[in-house]
Amino acid sequence: MPGDLPHPERSDIQLTDVLFALSDPERLAIARQLAGGPLDMAACHATDPNLPKSTKSHFMKVLREAGVIRNEPNGRRRMLTLRRDDLDALFPGLLDSVLRG
């Protein structure tokens, strides 16, 4: 489907990639927002509202490629969701510990 982005399968998600993705304060802030439920990409933001759009896109790419989020088409926009089920199955308690901060 046009607009689909590649996402790792659950079995391909690596702990080191997840920890790296969540090690940046801005990416962690995005994951914390998504812990409350899905968000339109336009509504999801890093802590610094002055970040360029390209930087925000890069943050989303790192989170998606690590298996932390899903970024899927929703009409002309994109919907972001936290892959809590996958991450909790692979690394029980990790998300709760990291996102609590």
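If you're wondering where the values come from, they're calculated on a predicted model, not measured in any experiment. Per-chain numbering applies: the sequence of each chain, read as written, is numbered from 1 onward. Reporting of local features is limited, given that this is a predicted model, to residues whose pLDDT is at least 70; pairs of side-chain atoms are given and counted only at 80 or more, and all residues count toward the totals for whole chains, interfaces and linings. Excluding hydrogens and water, the side-chain values take into account all heavy atoms of the structure.

Colleague: Honestly, helix H2 (residues 25–34) in this entry has me stumped. Any pointers?
Modeller: Because each turn of an α-helix spans 3.6 residues, side chains separated by three or four positions end up pointing in the same direction. Accessibility here uses a 1.4 Å probe with only protein chains present; expressed as a share of the type maximum, an area under 20% marks a residue as buried, one over 50% as exposed, and anything in between as partly exposed. Put simply, DSSP marks the helices as runs of H or I at least four residues long and the strands as runs of E at least two long, and each gets a number from the N terminus on. Along H2, 7 of the 10 residues are buried, which leaves the element largely enclosed by surrounding structure. Regarding H2, the residues found buried are Glu26, Arg27, Leu28, Ala29, Ile30, Ala31 and Leu34. What makes two residues a contact is simply this: any of their non-hydrogen atoms within 4.5 Å. Buried residues in H2 make contact with helix H1 (15–22), strand S1 (39–40), helix H3 (53–66), strand S2 (69–74), strand S3 (77–82) and helix H5 (94–100). Polar contacts here mean pairs of N or O atoms no more than 3.5 Å apart (in protein, one a potential hydrogen donor and the other a potential acceptor; neighbouring residues in sequence count only if both atoms are side-chain atoms). The N-cap of H2, judged by a side-chain oxygen 2.9 Å from the amide nitrogen of glutamate 26 a few residues on, is aspartate 24.

Colleague: When you look at the side chain of aspartate 40 in this model, what are you seeing that I'm missing?
Modeller: Within the secondary structure, aspartate 40 is located in strand S1. Contacts of aspartate 40, omitting those with residues within four sequence positions, involve Arg77, Arg78 and Met79.

Colleague: I would appreciate a short explanation of the pairing of S3 in the present structure.
Modeller: Regular strands have side chains that alternate between both faces of the sheet. Burial of S3 is one-sided: the residues Arg78, Leu80 and Leu82 facing one way are buried, the residues Arg77, Met79 and Thr81 facing the other way are not. DSSP-based pairing: two strands are paired if at least 2 bridges between them are found. Where S1 and S3 come together, 2 bridges link them in antiparallel fashion. Each bridged residue has a counterpart across the sheet, and for leucine 39 the counterpart in S3 is leucine 80. Bridging between S2 and S3 involves 6 bridges; their strand directions are antiparallel. Within the sheet, the bridge partner assigned to glutamate 72 lies in S3 and is methionine 79. Hairpin connection of S2 to S3: 2 residues between the antiparallel strands, including glycine 75 at a positive phi of 70 degrees.

Colleague: What should I look at first to understand the nonpolar core in this one?
Modeller: Within soluble globular proteins, side chains that are nonpolar generally end up buried alongside one another. We define the nonpolar core as a collection of buried residues of types Ala, Val, Leu, Ile, Met, Phe, Trp, Tyr and Cys that are connected through side-chain atoms lying within 4.5 Å of one another. Ranked by internal contacts, the top residues of the largest apolar core, which has 25 residues, are Val18, Leu22, Ile30, Val68, Ile69 and Leu82. The set of elements that each furnish at least two residues to this core consists of H1, H2, H3, S3 and H5. For this core, the element with the most residues is H3, which contributes 5 residues.

Colleague: It is not clear to me how the sheet that holds S1 should be interpreted in this structure. Could you clarify?
Modeller: The pairing of strands in a sheet happens through backbone hydrogen bonds and is either parallel or antiparallel. Taken in spatial order, the 3 strands make up an open sheet running S1-S3-S2, and their pairing is antiparallel. A single partner strand is all that each edge strand has here, and the edge strands are S1 and S2. All axes here are fitted lines through C-alpha atoms, helices being fitted over the stretch that makes contact, and every angle between N-to-C directions spans 0 to 180 degrees. The strands touched by H2 within the sheet are S1, S2 and S3, with S3 carrying the most contacts at an inclination of about 85 degrees. Sitting on the sheet, H3 is in contact with S2 and S3, with an inclination near 115 degrees to S2.

Colleague: Explain the packing of H1 against H3 here, please?
Modeller: The axes of two packed helices give the description: the angle between them and the distance between them. Two elements in contact, H1 and H3, have axes whose closest approach is 8 Å; the angle formed by their N-to-C orientations is 160 degrees. Classified by the angle their axes make, H1 and H3 are roughly antiparallel. Here H1 runs over H3; the crossing is left-handed. Residues Asp17, Val18, Phe20, Ala21 and Leu22 of H1 touch H3, and the partners they reach there are Val62, Leu63 and Ala66. Side-chain classes follow a simple rule in which Ala, Val, Leu, Ile, Met, Phe, Trp, Tyr, Cys and Pro form the nonpolar group, Asp, Glu, Lys and Arg form the charged group, and the remainder, Gly included, forms the polar group. Partitioning the contact of H1 with H3 into residue classes produces 7 nonpolar, no polar and 1 charged. An angle below 35 degrees is treated as roughly parallel, one above 145 as roughly antiparallel, one from 65 to 115 as roughly perpendicular, and anything else as oblique. Each crossing gets its hand from how the near helix is turned against the far one by less than a right angle, where anticlockwise is left-handed and clockwise is right-handed.

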